[in-house]
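What follows is each chain in one-letter form.
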Amino acid sequence: MNRIALLAPLALAACGKPAQPTPAETRGATGPAPAVITPAPAASAVAPEPAATARPEADYLGKWIGVEGMVLNVTKRAGGGVTLEIQWDLDNKGTFPGSVTAEGLRFTRDGKDEIAVPSDGDATGLKWLAGKKDCLTVKPGEGYCRG
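First, a word on what this report is: a plain description of the structure on this page. (Residues numbered from 1 in each chain as written. Predicted model: local features only at pLDDT ≥ 70, side-chain atom pairs only at ≥ 80, totals over all residues. Heavy atoms only, no water.)

1. Concerning the environment of Thr-108
Tracing the sequence through the fold places Thr-108 in strand β5 (residues 105–109). Separated by eleven residues in the primary sequence, Thr-108 and Pro-97 place their C-alpha atoms 7.7 Å from one another. Once residues within four sequence positions are removed from consideration, Thr-108 is found in contact with Phe-96, Pro-97 and Asp-113. There is a polar contact of 2.9 Å between the side chain of Thr-108 and the side chain of Asp-113. (Helix = DSSP H or I, 4+ residues; strand = E, 2+ residues; numbered from the N terminus. Contact = heavy atoms within 4.5 Å. Polar contact = N/O pair within 3.5 Å; in protein donor to acceptor, adjacent residues only side chain to side chain.)

2. Observations regarding the pairing of β5
Residues of β5 alternate between two faces, with Leu-105, Phe-107 and Arg-109 buried on one and Arg-106 and Thr-108 left unburied on the opposite face. Direction of pairing for strand β4 (residues 93–100) relative to β5: antiparallel, over a ladder of three bridges. Across the sheet, residue Val-100 finds its bridge partner in β5, namely Leu-105. Between β4 and β5, which pair antiparallel in sequence order, lie four residues; one of them, Gly-104, sits at a positive phi of approximately 155°. Examined bridge by bridge, β5 and strand β6 (residues 112–119) share five bridges and lie antiparallel to one another. Paired with Leu-105 across the bridge in β6 is Ala-116. Here β5 hands over to β6 after two residues, with Asp-110 in that stretch at a positive phi of 55°. (Buried < 20%, exposed > 50% of the residue type's maximum accessible area, 1.4 Å probe, protein only. Pairing = 2+ DSSP bridges.)

Here it is as structure tokens:
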């Protein structure tokens, strides 16, 4: 390649005009033109519909065991929904109407909306439940698992 061909882009750049490569410069003196790489379309980032991932009501029914006397018993309620009988610590227990949603078991306790979400024992934050697979977590430190 001669010196003029090498200096031409520098001279154009000095004048404030961007240098436009020639076809020979883009592919080199002897090689083929570079391949144009088109990125593959991104995989769909759309999450599945909640109804498609929701557990059926039957999966929640029955007794769930926590630690130190904590227990959650879920039964069908006449007219629809579920009833949750909960002993959530040594001093507090109650019965609450609830419903099965895509997120889990929804209920109101002491004026606060709560959801018992499907999880594993590690997510409960309770050492005794660690390693268990079929659990419900209301909040850190309050969880219940199947035997």
